[in-house]
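What the coordinates show
Listed here are the chains, written in short residue letters.
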Amino acid sequence: MRTAAPIRLLANGRVWSGAVPPAADPDCPTAVATIAEQGGRIVAVGGLDELRRRYPGTEELDFGGRLVTPGFIDCHTHVVYQGNRAGEIARRLAGESYQSIARAGGGILATVNATRAASMQQLVEGALPRVDALLAEGVTTLEIKSGYGLDLEAELRMLQAGRAIGAQRALTVATTYLGAHAVPPEHAGDAEGYVDRLCNELIPAVAASGHADAFDAYCERVAFSAPQVARAFTAARAHGLPVKLHADQLSNMHGATLAAQHGALSADHLEYTDAAGVAALADAGTVAVLLPGAYYFLREQQLPPIELLRSSGVPMAIATDCNPGTSPMASILMAMNFAAVEFGMSTAECLAGVTIAAARALGLHADRGTIEAGKWCDLAVWNAAQPAELVQGIGMRPLHQRFRHGQPDP
Ligand code: DI6
Ligand code: FE
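If you're wondering where the values come from, they're calculated on a predicted model, not measured in any experiment. (Residues numbered from 1 in each chain as written. Chains lettered and ligands numbered in written order. Predicted model: local features only at pLDDT ≥ 70, side-chain atom pairs only at ≥ 80, totals over all residues. Heavy atoms only, no water.)

1. What to know about the overall build of the chain
This is how the line gets drawn: Helix and strand assignments come from DSSP, with helices taken as H or I runs of at least 4 residues and strands as E runs of at least 2, each series counted from the N terminus. Note on method: radius of gyration uses C-alpha positions; expected globular size equals 2.2 Å times residues raised to 0.38. Per-residue accessibility, obtained with a 1.4 Å probe over protein chains only, is compared with the maximum for each type, and a residue is labelled buried under 20%, exposed over 50%, and partly exposed between these values. Contacts: residue pairs with any heavy atoms within 4.5 Å of one another. Working definition of accessibility: Shrake-Rupley area with a 1.4 Å probe, residue cover restricted to the visible protein chains. For the purpose of charge, His is not counted, nor are the chain termini; Lys and Arg are scored as positive and Asp and Glu as negative. Where a charge lies is defined by one atom per residue type: Lys uses NZ, Arg uses CZ, Asp uses CG and Glu uses CD.
Check the secondary structure of the chain and you find 16 helices and 16 strands. For the chain, whose C-alpha radius of gyration is 21 Å, the value lies close to the compact-globule estimate of 22 Å for 410 residues. The principal-axis extent of the C-alpha atoms belonging to the chain is close to 70 × 50 × 40 Å. Going through the 410 residues of the chain one by one, you find that 57% of them count as buried. Long-range contacts, defined as pairs at least 24 residues apart, comprise 72% of the intrachain contacts of the chain with a sequence gap of at least 6. A total accessible area of about 15,400 Å² is found for the chain, and carbon and sulfur atoms account for 52% of it. Looking at the chain, you have 31 positive and 41 negative side-chain charges, and the mean spots of the two groups are 4 Å apart.

Take a look at the structure:
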């Protein structure tokens with residue numbers, strides 16, 4: 001006979017559950033509560049006395065009145081890559097644009113060359129310091145994109161590296177096949193030919209491998225046009241991969257509308273998205289993923305339409321976009337701080353942005369992103385009394401402890 005897993009009471013936390021939307025919860029209120037955990041799941045949230053009566057004789061752990069939030073979710077990263085592009089910062093500070101560096105063979109293609117030359121093990125080892133920095137800030141779910149391989153073998157190696165990272169750390173990894181990130185060198189000047197290959201060979205093979213949970217594309221003048229992305233999205237969805245889009249980052253390519261038309265999980269960046277794009281996102285239920293690290297690092301001037309997204313009820317997620325070229329930032333707390341300072345997002349929006357909205361951007365909101373019975377017991381316990389401290393500070397290392405599926409980090 002199998003015995004049920006024991007129940008544990010995680011007592012005396014100052015809990016921000018994330019279950020109330022930011023618009024209805026602008027002050028991010030917390031309540032002292034106890035979380036009952038069994039088999040990695042939350043089975044109840046309530047008062048300690050009540051839960052002691054309901055589950056007598058169970059093990060108890062005391063949070064000492066610390067702030068407890070859902071484990072953070074970084075829903076847009078490129079942490080798997082090889083090489084570095086540190087040389088580009090001097091060129092950009094001297095006035096060269098990101099687009100012109102990309103056209104001259106730098107940018108994404110520079111990382112593609114280094115990534116193609118790396119083994120799966122080298123990719124994992126290269127990514128782990130970045131991943132560990134995110135874990136040290138309470139991240140329990142991490143999206144990892146491919147897109148620096150661009151041929152079948154190298155893309156599969158990147159995706160498998162993502163899966164291996166999820167196996168080597170107490171972490172859920174969602175992998176995304178970023179097959180339309182740049183036109184690979186073999187197809188230079190022939191984006192259409194590459195998109196044909198993507199639709200006919202690469203997407204079917206990657207989908208069949210089971211190594212990708214979603215498909216992503218970069219819709220930009222330096223990357224792919226809206227009609228090219230539309231073709232790739234149609235193929236991806238036909239092969240069972242939900243889609244996401246790097247949309248309207250550097251120019252208004254009507255990417256938000258395109259993403260919404262394809263029922264995308266998320267449209268990401270959105271600096272140049274117009275009112276029609278926001279309305280399309282709202283209608284489709286597509287999440288807006290805001291990436292203030294890239295905005296900061298590229299010294300962008302065009303702010304994403306935050307007020308319009310807010311008033312239209314589009315869920316807003318916040319992610320690091322951790323990548324070697326445009327957002328070399330492995331800090332989810334810094335992304336939240338930038339979202340507040342640069343984009344004017346409220347504390348409640350910043351918190352929701354890295355929890356429930358981020359879960360939604362990955363299609364994983366049914367079982368993570370809030371502290372509620374039935375969800376995974378993924379928690380971050382903070383040396384803080386109130387959520388605003390997490391948004392306000394920079395470099396403060398406020399994490400006390402992380403719980404993933406009910407298990408505390410050692
Ligand atoms: N995400 C991306 O994938 C591109 N920009 C962004 O914000 C390019 C990343 C790179 O330059 O490597
Ligand atoms: Fe990105």
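2. Describing the coordination of the iron ion (ligand 2)
Stated formally: Sites may look incomplete, because water is not among the atoms used; the donor set itself consists of N, O and S atoms within 2.8 Å of the metal (3.2 Å for Na, K and Ca).
Within the first shell, the iron ion (ligand 2) binds the protein through His76 (NE2), His78 (NE2), His246 (NE2) and Asp321 (OD), at distances of 2.1 to 2.3 Å. Linear spacing of the donor residues for the iron ion (ligand 2) on their chain is H-x1-H-x167-H-x74-D. Grouping residues by exposure puts histidine 76 and histidine 78 together as buried.

3. A word on the site of ligand 1
Rules: Whether a residue is near a molecule or strand depends on its heavy atoms: if one lies within 4 Å, it is near. Here a polar contact means two N or O atoms within 3.5 Å. Within protein one must be a hydrogen donor candidate and the other an acceptor candidate, and residues neighboring in sequence count only if both atoms are side-chain atoms. Each residue gets one label: Ala, Val, Leu, Ile, Met, Phe, Trp, Tyr, Cys and Pro are nonpolar, Asp, Glu, Lys and Arg are charged, and the others, such as Gly, are polar.
Contacts to ligand 1 come from 14 residues, most closely from Arg85, Tyr98, Tyr148, His181 and Asp321. Contact between ligand 1 and histidine 181: an oxygen atom at 2.7 Å from a side-chain N or O atom of the residue. Between ligand 1 and the protein, one listed contact pairs a nitrogen atom with a side-chain N or O atom of histidine 246 at 3.2 Å. Here ligand 1 loses 100% of its free accessible area of 320 Å² to cover by the protein chains. Residue composition of the shell around ligand 1, grouped by class: four nonpolar, eight polar and two charged.

4. Some words on the pairing of strand β11 (residues 266–269)
Basically, it comes down to this: In short, DSSP must find at least two bridges between two strands for them to pair. Consider the strands pointing away from the viewer: the crossover is right-handed when the path from the first strand over the helix to the second runs clockwise.
Where strand β10 (residues 243–247) lies against β11, four bridges are found, and the strand directions are parallel. Bridging across to β11, alanine 247 finds its partner in histidine 269. As a crossover connection, the stretch from β10 through helix α9 (residues 255–261) into β11 is right-handed. Of the pairings in the sheet, the one linking β11 to strand β12 (residues 287–290) comprises three bridges and is parallel in character. Its bridge partner lying in β12, serine 266 is registered against valine 287. In this fold, β11 hands off to helix α10 (residues 275–284), which returns the chain to β12; that crossover is right-handed.

5. As for unusual backbone geometry
Positive phi, close to 60 degrees, is recorded for histidine 254, a residue that is not glycine. The phi dihedral of histidine 269 falls on the positive side, at around 90 degrees, and the residue is not glycine. Mapped onto the elements, histidine 269 comes out in strand β11. A residue is classified by how much of its surface remains accessible, and histidine 269, at 1% relative accessible area, is buried.

6. Overview of the pairing of strand β1 (residues 7–15)
The buried count for β1 comes to seven of nine residues, which makes it a mostly enclosed element. Sheet analysis places β1 next to strand β4 (residues 59–62), joined by four bridges and oriented parallel. Residue alanine 11 lies in a different strand from β4, and its bridge partner there is aspartate 62. The pairing of β1 with strand β5 (residues 67–70) spans two bridges and is classified as parallel. Among the inter-strand pairings, arginine 14 is bridged to a residue of β5, identified as leucine 67.

7. Quick notes on the nonpolar core
Put simply, the rule reads: Side-chain atoms within 4.5 Å are what join buried Ala, Val, Leu, Ile, Met, Phe, Trp, Tyr and Cys residues into a set we call a nonpolar core.
The biggest cluster of nonpolar side chains holds 101 residues, and the ones touching the most others in it are Phe72, Ile165, Tyr177 and Phe215. Sort the elements by how many residues they give to this core and helix α7 (residues 191–209) lands first, with eight residues. Those residues in contact with tyrosine 177 that sit more than four places away from it in its chain are Ser146, Glu155, Leu159, Tyr194, Leu198, Leu202, Ile203, Val206, Ala212, Ala214, Phe215 and Asp216.

8. Regarding the packing of aromatic side chains
To keep it simple, the criterion reads: In this analysis, rings of Phe, Tyr and Trp, with Trp reduced to its six-membered ring, are considered paired at centre separations within 6.5 Å, and the interplanar angle assigns stacked below 30 degrees, edge-to-face beyond 60, and tilted for intermediate values.
Throughout the structure, instances matching the rule amount to eight aromatic pairs. Between the aromatic rings of tyrosine 177 and phenylalanine 215, the centroid separation amounts to 5.6 Å while the plane-to-plane angle is 70 degrees, which identifies the pairing as edge-to-face. Residue tyrosine 177 is located in strand β8 (residues 172–180), and its partner phenylalanine 215 is located in strand β9 (residues 214–218); the two are separated by 38 residues in the primary sequence. Its relative accessible area of 1% is what places tyrosine 177 among the buried residues. Ring centres of tyrosine 296 and phenylalanine 338 lie 4.8 Å apart, and the angle between their planes is 45 degrees; on these two criteria the pair is classed as tilted.

9. Focus: the pattern of salt bridges
Heads up, the condition is: Think of a salt bridge as a Lys or Arg side-chain nitrogen and an Asp or Glu carboxyl oxygen that are within 4 Å of each other.
Tallied over the full model, the rule gives 20 salt bridges. The salt bridge partner of glutamate 50 is arginine 54, with a shortest N-O separation of 2.8 Å. Of this pair, glutamate 50 and arginine 54 both sit in helix α1 (residues 48–54), four residues apart, roughly one helical turn. The exposure class of glutamate 50 is partly exposed, given its relative accessible area of 35%. One salt bridge in this structure joins glutamate 307 and arginine 310, with 2.6 Å as the shortest N-O distance. Linking glutamate 307 with arginine 310, this pair stays in helix α12 (residues 306–311), spanning three residues, or about one helical turn. According to the relative accessible area criterion, arginine 310 is partly exposed, its value standing at 31%. One network of salt bridges, with partners in common, ties together Arg116, Asp151 and Glu186.

Function cannot be read off these values alone, since they describe shape.
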